[in-house]
Amino acid sequence: MSRFWSPLVHNLTPYVPGEQPKIERLVKLNTNESPYGPSPKVLAAIASENTEQLRLYPDPDASALKQAIAQLHGLDPKQVFVGNGSDEVLAHIFLGLLKHDQPVLFPDITYSFYPVYCQLYGIESKTIPLNANFEIHIDDYLKLAKKNGGIIFPNPNAPTGRALLRAEIERLIQQNTDSVLVIDEAYVDYGTESCVSLLRDEAGMAACPNNLLVVHTLSKSRALAGLRVGFALGHPDLIAGLERVKNSFNSYPLGKLAQAGAIAAIEDQAHLEAMANKVKATRAGLMDKLNELGFETVPSSANFIFTRHPKYAGEKIYQALRERGIIVRHFNKNRIQDHLRITIGNDEQIKALILALQELIT
Ligand SMILES: *Cc1c(COP(=O)(O)O)cnc(C)c1O
């Protein structure tokens, strides 16, 4: 603590990211990274960049990357905003589109960065409890349709892994017309219907809703958490607002190497699909084993599962796994303190996890 801290800094409770231990040979299942590498084309693209050019600033608009993203999703580049990881994109969204007189709404159990941005930017928020099955109930949000400054949740939700059908989200877009709805699709590639198609209109932009923003990241399914690239898709007017915030904060959020690597990743959809299929197969096997051991696991549409054992405290299992060199995520939080969030690793890592759990659960 220092007397030079501003009152705002004094009162912050920062987000605590899952640890990145320096110890080698750990089975690291705590931050939903991909156990597989990114597309080999990413490394090739980065390696072929002219390093002499690094003395120059990168393209502040990342136009080639926006073009590649627009092409992949059948959108106009004006519907694309890119940032240094989707966390930065989310930060600009909170400040630029969700800070209004009425509170922003999000679930009580969700990505724990949302309340941190609210605190940083002085945004009022209201949490809406998930139901007993950890489901988002759209009618709870519709009841507050005229009484919110914005709505945000991940689909599938984190850390539960549960997904909503697109038709449910469409109801919200159609009826919550006085504020922006942000769908954080960090885990969409593991088997959830994306809302991006709602932004597409073959005949032009007439049908693109002006109140929907979809956020993606290259950190999870494209295995590039270390490159720091995320993006938002939506109506050009929403994107223009985000550009205003970005250009008032940092004009060059993505370096040349990140832009080159991201383009190659976006263009290799086949690699993404092959890796996502491997994760889904491992996930199904893990769900069965956990079931045999008496765990109660939330149905997952993500590259992690959310599970609890009725006879063992979450903290106990977390510690016991840690002693065996296996790191999972435990949240010391109301309603979920007995749950563990476990990233779907490769088959070898998941085998080690299952062996450890078989020892523990007797
Ligand atoms: C991992 C994650 C992000 C952040 O991803 P980055 O692009 O690495 O910043 C955003 N939202 C959710 C729900 C996540 O789980």
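Basis of the calculations
Residues numbered from 1 in each chain as written. Predicted model: local features only at pLDDT ≥ 70, side-chain atom pairs only at ≥ 80, totals over all residues. Heavy atoms only, no water. Helix = DSSP H or I, 4+ residues; strand = E, 2+ residues; numbered from the N terminus. Rg over C-alpha atoms; globule rule 2.2 N^0.38 Å. Contact = heavy atoms within 4.5 Å. Areas by Shrake-Rupley, 256 points an atom, 1.4 Å probe, with all protein chains shown as cover. Buried < 20%, exposed > 50% of the residue type's maximum accessible area, 1.4 Å probe, protein only. Near = heavy atom within 4 Å. Polar contact = N/O pair within 3.5 Å; in protein donor to acceptor, adjacent residues only side chain to side chain. Salt bridge = Lys/Arg side-chain N within 4 Å of Asp/Glu carboxyl O. Axes fitted to C-alpha atoms, helices over the stretch in contact; angles between N-to-C directions. Parallel < 35°, antiparallel > 145°, perpendicular 65-115°, else oblique. Left-handed = near helix turned anticlockwise from the far one by under 90°. Nonpolar A, V, L, I, M, F, W, Y, C, P; charged D, E, K, R; others polar.

A. Quick peek at the overall build of the chain. Of the regular secondary structure elements, the chain holds twelve helices and 13 strands. Taking 362 residues into account, the globule formula puts the C-alpha radius of gyration at 21 Å, and the chain, at 21 Å, falls close to it. Nonlocal contacts in the chain, meaning residues at least 24 apart in sequence, comprise 73% of its contacts between residues at least 6 apart. With an accessible surface of roughly 17,000 Å², the chain has 51% of that area assigned to carbon and sulfur atoms.

B. Highlighting helix α11 (residues 314-323). Where α11 is concerned, the buried positions are Gly314, Ile317, Tyr318, Ala320 and Leu321. Of the surrounding secondary structure, the elements contacted by the buried residues of α11 are β11 (326-327), β12 (329-330), β13 (339-343) and α12 (347-360). Taken from the residues just after α11, Gly325 is the one with a positive phi, measuring 80°.

C. Quick look at the site of the ligand. By nearness alone, every residue bordering the ligand is listed as Gly85, Ser86, Asp87, Leu90, Tyr111, Asp184, Ala186, Tyr187, Thr217, Ser219, Lys220 and Arg228. The side chain of Tyr187 places a nitrogen or oxygen atom 2.6 Å from an oxygen atom of the ligand. Between the ligand and Thr217, the relevant distance is 2.5 Å, taken from an oxygen atom to a side-chain nitrogen or oxygen of the residue. Here the ligand has 390 Å² of accessible area as a free molecule, and 92% of this is covered by the chains.

D. Structural detail: the pattern of salt bridges. One pass over the structure, following the stated rule, counts 13 salt bridges. Of the charged contacts in the structure, one is a salt bridge between Glu296 and Arg308, with a shortest N-O distance of 2.7 Å. With Glu296 in strand β9 (residues 296-297) and Arg308 in strand β10 (residues 304-308), this residue pair connects regions lying twelve residues apart in the sequence. By relative accessible area, Glu296 is classed as partly exposed at 39%. Linked through salt bridges whose partners overlap, the residues forming this network are Asp139, Glu168 and Arg171.

E. Spotlight on the packing of helix α4 (residues 85-98) against helix α5 (residues 113-121). Contact geometry of α4 with α5 gives a least axis separation of 10 Å together with a crossing angle of 50°. In this view, α4 runs oblique relative to α5, as classed from their interaxial angle. Seen along the crossing, α4 lies across α5 with a hand that is right-handed. Counted together, Asp87, Glu88, Leu90, Ala91, Phe94 and Leu95 of α4 and Phe113, Tyr114, Tyr117, Cys118 and Tyr121 of α5 form the full contact between these two elements. A per-class count over the contact of α4 with α5 returns nine nonpolar, no polar and two charged.

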